[in-house]
Amino acid sequence: MAPVTPENDPLYRLRHSMAHVMAQAVLEIFPEAKIAIGPPVENGFYYDFDLPRPLTPDDLKDIEKRMRRILKGKHTFAYREVSAAEARDLFKDQPYKLELIEGLAQGQDEYGEKAASASTVISTYKHDTFEDLCKGPHVESLADIAPDGFKLLRVSGAYWRGDESRPMLQRIYGTAWPSKAELEHYLWQLEEAKKRDHRRLGKELELFMFSQAVGSGMALWLPKGAVLRDTLERFLREVQIDNGYLPVVTPHLGKIDLYKTSGHWYTYRDSIFPAVKEVENDDPENPEGEIYLLKPMNCPHHIEIYKNEPRSYRDLPLRYAEFGTVYRYEQSGELTGLLRVRSFTVDDAHLFVTPEQLEDEFIKVVELILYVFRTMGFADFKARVGLRDQGDTKYIGDDAIWDISQNAIINAAEKVGLPYVVAEGEAAFYGPKLDFIFRDVLGREWQLGTVQVDYNLPERFELEYTGEDGQKHRPVMIHRAPFGSLERFIGTLIEHHAGAFPTWLAPVQAVVIPITDRHVEYAQQVAKQLKAAGMRVEVDDSNSRMNAKIRTAQKQKVPYMLVIGDKEQEAEAVAVRLRSGEDLGALPVSEFQARLQDDINNHR
RNA sequence: GCUCCCGUAGCUCAGUCGGUAGAGUAUCUCCUUGGUAAGGAGAAGGUCACGGGUUCAAGUCCCGUCGGGAGCUCCA
């Protein structure tokens, strides 16, 4: 998430000032508290504290109360610049501030990053009794802040300076708005967002589940979710076949040496599931024996397929596609519904191309991904070019190759006219990538589709093809996955549509609702006819009234409800109700079938 | 993995000061056969996540484990 700045956030001053007021309130309650940093963030602010005990929700109420009292004082904010020595004296009891001051004195910003301008001014803002190391800006006066326009939302842990090895502080998050009405609107939005949460809808719509007995982070797909998933897979398979992809199928395991060759073993050892089989082995050259790992990615398997026979430039590009299930031992605290799991299926493909083909192929891949997103009705995503962080040593391959790859990606994005942001440190360890990012209902960002250029694995696996000149050449690989993972993609799809999937994806496309028992037989006939045409139709023959059946179908977000009474039975028709509540009246069954087929054909 | 919060019927939740559990809904049975978002009655459903501990007595208090949530860290 891009940092909030005074330039891009009109409420920056308000929220930044609220952070100061909160820090004052906390210090009044806990005079021994050590304060860290407290910036504005999207929709609010936070402040990090080192406190003598964990905070409870009741503490938040007390802090809020005290904040209101401080606001009533209508204090003004006073700015002053201080020397490093003065600052050290002023904050002599605040170790975190002292660390910040040392950083500032060395030309860093408050996050310890190198500041944009070389000469860092050390400044403070003071209101009432509270003076904080701060570059501002703030509101003129606390009189400008509505005392009922804010709320403290939660307290959670946060490492000092985001570093796992540093102390864990308590972070209090708050939201602040110019008025009570705007605050309430925001809180209402949060509630609405929760109703779209894929975890909740996944349960309500019977799409997927998790089982303690199976294990964390491993989704079990229920029949309705599996139908949705299968529909997506079939769609993408067809698109891929039309675009020259070749299906392959590979096992879920691979020998450890495969991942040593690829480099995954050294870089991602911690997140690879422990060995599943160790074969006894007396070979002193290879004391580890045969260790099999659950595959954390599909590329090495596809590479082996490439190596199965000598390749000619005439064979390229070669595009191997597989819905490949991979396993990654994510930290327990990272698991989140379908969005972060330990077992997931990548709609993977690896393209082996000549260097000359790279840019064209890359563009075609981006266009395919955009087509998939458009078909899904996804508009709320952004593209991010992930480059390596020059300071980090996890990346393999030499600089020249990275430069070529990075340029190829940026050129392609620009040729396609795809707006993108550049993010350093977001590359894969073997190459730069173009990611498609979406935000979930609670504002968290998740990577969906991805395209990666890779000169390194071909090198490591010594891939070759014979060129027009009869010489051996090294191919370039493109790794790509439009959905990214079926799990995460479906999670986002659920939230995007709030569970009301377009008809072609809906697990149940129509429910036939007989009004009385004597209509059940005809209802079943209708359903049989539609099912024979490949449509997903159910009959609600439960012992309840039509109104209740409609309510049930409505809550399940079924696109079409087909009501059948005497009139419809007589006319060989169905009375069509949409989940929007719209009543289309009676249609001949054949006419309804044509309409549903049209929806399916057009991905609506 | 770390900090904090949470775990009671399939689901959503109540359960006071510690005295061996309750609602709505879903399920099942019966009645009802109805025209666009809940017809009625009855029944069944719980090792209060799990394991220890304190106590005459634990859903309730304490410790641990597992699971979930928020955030941090991480993310091929």
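It should be noted that the structure appears before, not after, this text.
Here the structure is a predicted model, which is why all the values come from computation and not from measurement.

### Considering the protein's contact with RNA strand B
Argument step 1. Taken together, 50 residues form the shell around RNA strand B, and within it Ser271, Ser332, Glu334, Ile515 and Arg551 come nearest.
Argument step 2. Counting only the atoms of RNA strand B within 4 Å of the protein, the fraction contributed by sugar and phosphate is 46%.
Argument step 3. In the model, a base nitrogen of RNA strand B is placed 2.4 Å from a nitrogen or oxygen of the Ile515 main chain.
Argument step 4. The side chain of Glu568 places a nitrogen or oxygen atom 2.5 Å from a base nitrogen of RNA strand B.
Argument step 5. Only strand E7 (150–159), strand E8 (168–176), helix H6 (198–204), helix H16 (546–555), helix H17 (566–571) and strand E27 (573–578) provide two or more residues apiece to the surface near RNA strand B.

### Examining unusual backbone geometry
Argument step 1. Along the chain, Gly136 connects to Pro137 via a cis peptide bond; the corresponding omega equals 0°.
Argument step 2. Backbone torsion omega between Leu316 and Pro317 reads -5°, so that peptide bond is classified as cis.
Argument step 3. As for its placement among the helices and strands, Pro317 is situated in the loop between helix H10 (299–306) and strand E15 (318–327).
Argument step 4. Of note in the backbone geometry, Asn43 takes a positive phi value of approximately 70° without being a glycine.
Argument step 5. With respect to the helices and strands, Asn43 occurs in the loop between strand E2 (40–41) and strand E3 (44–50).
Argument step 6. Among the residues examined, Asn43 registers a relative accessible area of 24% and is labelled partly exposed.
Argument step 7. Phi is positive for Lys557, which is not a glycine, with a value near 60°.
Argument step 8. Within the fold, Lys557 resides in the loop between H16 and strand E26 (560–564).

### With respect to the sheet that holds strand E16 (residues 343–353)
Argument step 1. Reading across the sheet, the eight strands line up as E11-E15-E16-E23-E20-E19-E17-E18 and stay open at both edges, with mixed pairing between neighbours. The sheet is open, and its two borders are formed by strand E11 (246–247) and strand E18 (420–424), each paired with just one other strand.
Argument step 2. As paired elements, strand E17 (residues 381–387) and strand E19 (residues 433–439) share six bridges and run antiparallel to each other. Pairing of Ala383 across the sheet is with Phe436, part of E19.

### Section: the packing of helix H7 (residues 223–242) against helix H14 (residues 486–497)
Argument step 1. Viewed as axis vectors pointing N to C, H7 and H14 meet at an angle of 110°, and their least axial separation amounts to 11 Å. Between H7 and H14, the angle falls in the class roughly perpendicular. The segment H7 lies against H14, with Leu228, Arg229, Leu232 and Glu233 engaging Leu486, Glu487, Phe489, Ile490 and Leu493.
Argument step 2. By residue class, the composition of the contact of H7 with H14 is six nonpolar, no polar and three charged.

### Concerning the sheet that holds strand E5 (residues 123–127)
Argument step 1. Spatial strand order, E4-E5-E6: three strands in an open sheet with antiparallel pairing. In this open sheet, the two edge strands, each paired with only one partner strand, are strand E4 (78–81) and strand E6 (130–133). Taking the axes of each pair of neighbouring strands and ignoring which way they run, one obtains an average angle of 25° across the sheet.
Argument step 2. Strand direction decides the pairing type here: E5 and E6, joined by four bridges, are antiparallel.

### Here's the deal with helix H15 (residues 520–532)
Argument step 1. Between its terminal C-alpha atoms H15 stretches 18 Å, which fits the 18 Å expected from 13 residues at 1.5 Å a residue.
Argument step 2. Next to the buried residues of H15 lie strand E24 (510–514), strand E25 (537–539), E26, H17, E27 and helix H18 (589–601).
Argument step 3. Just past H15, the residue Gly534 takes up positive phi, approximately 90°.

Basis of the calculations
- Residues numbered from 1 in each chain as written.
- Chains lettered and ligands numbered in written order.
- Predicted model: local features only at pLDDT ≥ 70, side-chain atom pairs only at ≥ 80, totals over all residues.
- Heavy atoms only, no water.
- Near = heavy atom within 4 Å.
- Polar contact = N/O pair within 3.5 Å; in protein donor to acceptor, adjacent residues only side chain to side chain.
- Helix = DSSP H or I, 4+ residues; strand = E, 2+ residues; numbered from the N terminus.
- Buried < 20%, exposed > 50% of the residue type's maximum accessible area, 1.4 Å probe, protein only.
- Pairing = 2+ DSSP bridges.
- Axes fitted to C-alpha atoms, helices over the stretch in contact; angles between N-to-C directions.
- Parallel < 35°, antiparallel > 145°, perpendicular 65-115°, else oblique.
- Contact = heavy atoms within 4.5 Å.
- Nonpolar A, V, L, I, M, F, W, Y, C, P; charged D, E, K, R; others polar.
- Expected span 1.5 Å × (residues − 1).

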